[in-house]
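What follows is the residue order along each chain.
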Amino acid sequence: KVIILLCNCVVLIIFSYFGYKSTNKLASFEIPILIALSTLGMCIFVSSNSLLTFYLGLELFSLALYILIATNKSNSKSIEASLKYFILGAISSGVFLFGASLIYGNSGTINFDEISFIYLTNYCTNFCIYSQNLVFLTGLILLITTVLFKLSLVPFHNWTPDVYEGSPSSITVLLASSAKFAALVIFLRLVFEPLIMIKEQLQQILIVVSILSILFGNIVALIQSNIKRLLAYSAIGNMGFILMSVVSYTKSDLKYTIFYAITYIIQILTFFALIIVLKRKSNFNFKLDKLKGLSKNNSYICFSLAVVLFSMAGIPPLAGFWAKFYIFIILIKSNAYYLAIIAFIATVIGAFYYINIIRTMYFDKEQKDLITPKIKLNFIEILVIALGVAFNILYILFPSYMLKIISHYA
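All chains use their own residue numbering, which begins from 1 and follows the written sequence. Local features are withheld for residues below a pLDDT of 70 in this predicted model, meaning they are given only at 70 or higher, and side-chain atom pairs are given and counted only at 80 or more; totals for whole chains, interfaces and linings count all residues. No hydrogens and no water enter the side-chain calculation; it runs on all heavy atoms of the structure.

1. Side note on the confidence of the model for the protein
And step 1. Looking at the protein as a whole, its pLDDT mean stands at 83, while 87% of the residues score no less than 70.
And step 2. For every residue, the pLDDT score states the predictor's confidence, bounded by 0 at the bottom and 100 at the top. Each helix corresponds to a stretch of at least 4 residues labelled H or I by DSSP, and each strand to a stretch of at least 2 residues labelled E; elements are numbered beginning at the N terminus. Model confidence for the protein, summarised as mean pLDDT per element, is weakest for helix H1 (residues 2-21) at 61 and strongest for helix H10 (residues 227-244) at 92.
And step 3. Low pLDDT, under 50, characterises residues 123-129; the predicted model gives this stretch 13 contacts beyond four residues in sequence or across chains. Residues count as neighbours in contact if any of their non-hydrogen atoms are within 4.5 Å of one another.

Dropping the structure here:
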């Protein structure tokens, strides 16, 4: 089911690419193939059960992304973003390989289930020595560090703003939706299956990382004037929010974590569909001040964007509110009141910069010489945007039904 969801996201992304290509001179032959290769890598990644297939899937989808980010060769920021992501991604892969060598050297296997069995039963004679056990733990933590990098969590987040800003919009949405969801799925599988054995050691790391991510992402987003960079820091905050729901280690609450992730993906897909449409505006360069007075001639686009932003801010009764509400319930049930307070403060901060975008569209006056004409939408764009908006508005009518479906596969 995860693979089906990833494929559906990629189909929408390919549609958005053709919409983006109509306003930008990009190569039309290689990109869909590279997106397909990236998707194949994600599918291998999320279904892996050994260190070898994990690395194969990780590298396949990462290498395709390195090329996709640099597609716009005439833009120096695109080349810079690709190079930065490539270098940091190579370091991340090196960290994984070092961790994998420690794990294999101390357990003699690369299969996740066997690794867990050996640790729990001390089946391997090496575990008679505590120092060997410590080396093995180090390998497991390095393994999870690689996934935290792909989730752009603090302190492994440095690549995110530059890569989001430099990538073509249709590639940024691939990074922000499918790639994030694939990394989240494998993270949940690792934490709740093979790495459940180091729960005590890992839990403290996850708490610190989640607090740093949710505060840093939302605070730094306040001062951003570029929409893509704002979304990048917002993504860091959202990933921190998701991570907070995992620290309780309650399997029955996984459905709420996955629901938050799915809601976030739908919001991102809808948001970027609108951003790609706005790119037809001749002077639009992803700066917030270019949205001034947009509502005058483009009421449908502004209404759709406002719904998505209100949902991301957690305004009731939209889907984003319920996604955040479920996470707060998890934190309160697990007696992590300090995490709930931090999450609430970060949510209030996040609501400020989301609503600021809406204020810019509706209440700031546009310069007379830069009045935006009415932007025409094709059928696919109207459909994608309408479905995203409908989900955020109408979720309140069928909450238990959707959670039941997610719970069945969680």
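Next comes the rest of the description.
2. Observations concerning a nonpolar patch on the surface
And step 1. Each patch is built from salt-bridge-free residues with over 30% relative accessible area, joining like charges within 9 Å and nonpolar side chains (Val, Leu, Ile, Met, Phe, Trp, Tyr) within 5 Å. All accessible areas in this document rest on Shrake-Rupley with a 1.4 Å probe, and a residue is counted as covered only by the protein chains that are shown. Note on definitions: salt bridges are taken to be side-chain nitrogens of Lys or Arg within 4 Å of carboxyl oxygens of Asp or Glu. Together, Phe-303, Tyr-362, Phe-363, Ile-393, Leu-394, Ile-396, Leu-397, Phe-398, Tyr-401, Ile-405 and Tyr-409 make up an exposed nonpolar region whose accessible area comes to about 1100 Å².
And step 2. Those elements that provide at least two residues to the nonpolar patch are helix H14 (337-363), helix H15 (379-394) and helix H16 (399-409).
And step 3. Of all the elements, H16 adds the most residues to the nonpolar patch, at 3 residues.

3. Focus on the packing of helix H2 (residues 30-46) against helix H8 (residues 169-192)
And step 1. Contact pair H2 / H8: the axes reach a minimum separation of 9 Å and the direction vectors enclose 15°. When the axes of H2 and H8 are compared, the pair comes out roughly parallel. The two elements H2 and H8 cross, and the hand of that crossing is left-handed. Where H2 approaches H8, its residues Ile-31, Ile-35, Ser-38, Met-42, Phe-45 and Val-46 are matched on the opposing element by Ile-171, Leu-174, Ser-178, Ala-179, Ala-182, Ala-183, Val-185, Ile-186 and Arg-189.
And step 2. Amino acids are sorted into nonpolar (Ala, Val, Leu, Ile, Met, Phe, Trp, Tyr, Cys and Pro), charged (Asp, Glu, Lys and Arg) and polar (every other residue, Gly among them). In terms of residue class, the contact of H2 with H8 is made up of 12 nonpolar, 2 polar and 1 charged. In this analysis, axes come from line fits to C-alpha atoms, helices being fitted only over the stretch in contact, and the angle between any two N-to-C directions falls in the range 0 to 180 degrees. Under this scheme an angle from 65 to 115 degrees is roughly perpendicular, one under 35 degrees roughly parallel, and one over 145 degrees roughly antiparallel; angles in between are oblique. Handedness of a crossing follows from how the near helix is turned relative to the far one, being left-handed for an anticlockwise turn of less than a right angle and right-handed for a clockwise one.

4. Regarding the environment of Thr-138
And step 1. With respect to the secondary-structure elements, Thr-138 resides in helix H6 (residues 130-150).
And step 2. Residues Thr-138 and Ala-100 lie 38 residues apart in sequence; the distance between their C-alpha atoms is 9.9 Å.

5. Focus: the nonpolar core
And step 1. To qualify as a nonpolar core, a set must consist of buried Ala, Val, Leu, Ile, Met, Phe, Trp, Tyr and Cys residues joined through side-chain atoms within 4.5 Å. When a residue's accessible area, from a 1.4 Å probe over protein chains only, is under 20% of the maximum for its type it is buried; when over 50% it is exposed; and in between it is partly exposed. Counting residues in each nonpolar core, the largest one holds 139 residues, and the members touching the most others are Phe-54, Tyr-85, Phe-187, Leu-190, Phe-259 and Leu-291.
And step 2. Here the element with the most residues in this core is helix H11 (residues 254-278); it accounts for 18 residues.
And step 3. What Tyr-85 contacts, discounting residues up to four positions off in sequence, is Leu-65, Tyr-66, Ile-69, Phe-149, Lys-150, Trp-159, Val-163 and Leu-175.

6. Let's talk about helix H12 (residues 299-313)
And step 1. Between its terminal C-alpha atoms H12 stretches 21 Å, which fits the 21 Å expected from 15 residues at 1.5 Å a residue.
And step 2. Just downstream of H12, Gly-314 is the residue with a positive phi angle, here 85°. Expected span, for any helix, means 1.5 Å times one less than how many residues it has.

7. A short note on the packing of aromatic side chains
And step 1. Here is the rule: rings of Phe, Tyr and Trp (six-membered ring for Trp) pair when centre to centre is within 6.5 Å. Planes less than 30 degrees apart are stacked, more than 60 are edge-to-face, and the remainder are tilted. This model, assessed by the stated rule, comprises 26 aromatic pairs.
And step 2. When the centroid spacing of 5.6 Å and the interplanar angle of 5° are considered together, the rings of Tyr-55 and Phe-96 count as stacked. Of this pair, Tyr-55 sits in helix H3 (residues 51-69) while Phe-96 sits in helix H4 (residues 76-107), placing them 41 residues apart in sequence.
And step 3. Pairing Phe-241 with Phe-328 gives two aromatic rings, centres 5.7 Å apart and planes at 90°, and the pair type is edge-to-face. Note that Phe-241 is positioned in helix H10 and Phe-328 in helix H13 (residues 319-333), a separation of 87 residues in sequence. Residue Phe-241 shares its accessibility class with Phe-328, and that shared class is buried.
And step 4. Ring pairs connect the aromatic residues Tyr-256, Phe-259, Phe-321, Trp-322, Phe-325, Tyr-326, Phe-391, Tyr-395 and Phe-398, which therefore count as one cluster.
And step 5. Charge-over-ring contacts are defined here by two conditions on Lys NZ or Arg CZ: a distance within 6 Å of the ring centre and an angle within 35 degrees of the ring normal. If you follow Lys-228 out to its NZ or CZ, it ends over the ring of Phe-286, 4.5 Å from the centre.
And step 6. Sitting above the plane of the Phe-241 ring, Lys-324 keeps its charged end 4.7 Å from the centroid.

8. A word on the environment of Gly-99
And step 1. As for its placement among the helices and strands, Gly-99 is situated in helix H4.
And step 2. Exposure remark for Gly-99: the relative accessible area of 0% places this residue in the buried category.
And step 3. Ignoring any residue separated from it by four or fewer positions in sequence, one finds Gly-99 in contact with Gly-139 and Leu-142.

9. Section: the side chain of Ser-38
And step 1. Along the chain, Ser-38 turns up in helix H2.
And step 2. Not counting residues within four places of it along the chain, the set of residues in contact with Ser-38 comprises Phe-61, Ala-64, Leu-65 and Leu-174.

10. Description of the packing of helix H9 (residues 199-221) against H10
And step 1. Taken N-terminus to C-terminus, the directions of H9 and H10 make an angle of 150°; their axes are 7 Å apart at the nearest point. Our classification of the angle between H9 and H10 gives roughly antiparallel. H10 is crossed by H9, and the crossing has left-handed handedness. Contacts between H9 and H10 involve Leu-206, Val-209, Ser-210, Ile-211, Ser-213, Ile-214, Phe-216, Gly-217, Asn-218, Val-220 and Ala-221 from the former and Leu-230, Tyr-233, Ser-234, Ile-236, Gly-237, Gly-240, Phe-241, Leu-243 and Met-244 from the latter.
And step 2. Among the residues making up the contact of H9 with H10, the classes are represented as 13 nonpolar, 7 polar and no charged.

11. Structural notes on the pattern of salt bridges
And step 1. This model, assessed by the stated rule, comprises 6 salt bridges.
And step 2. Of the charged contacts, one joins Asp-162 and Arg-229 as a salt bridge, the two residues approaching to 2.9 Å between their closest N and O atoms. One end of the pair, Asp-162, is in helix H7 (residues 159-166); the other, Arg-229, is in helix H10, with 67 residues separating them in the sequence.
And step 3. The shortest N-O distance in the salt bridge between Asp-253 and Lys-333 comes to 3.3 Å. Highlighted residues: Asp-253 in the loop between H10 and H11 and Lys-333 in helix H13, separated in sequence by 80 residues.
And step 4. On the accessibility criterion, Asp-253 (4% relative accessible area) is buried.
And step 5. Among the ionic contacts, a cluster of salt bridges with common partners joins Lys-77, Lys-84, Asp-162, Glu-165 and Arg-229.

12. Some remarks on the side chain of Ser-167
And step 1. Considering the arrangement of structural elements, one finds Ser-167 in the loop between H7 and H8.
And step 2. If near-sequence neighbours (up to four positions away) are discounted, Ser-167 is found in contact with Ile-69, Thr-172, Leu-175 and Lys-228.

13. Looking at unusual backbone geometry
And step 1. In this structure, the amide linkage connecting Val-154 to the following residue, Pro-155, adopts the cis form with an omega of 10°.
And step 2. Mapped onto the secondary structure, Pro-155 falls in the loop between H6 and H7.
And step 3. With an omega of 5°, the peptide bond between Pro-316 and Pro-317 qualifies as cis.
And step 4. With respect to the element layout, Pro-317 can be found in the loop between H12 and H13.

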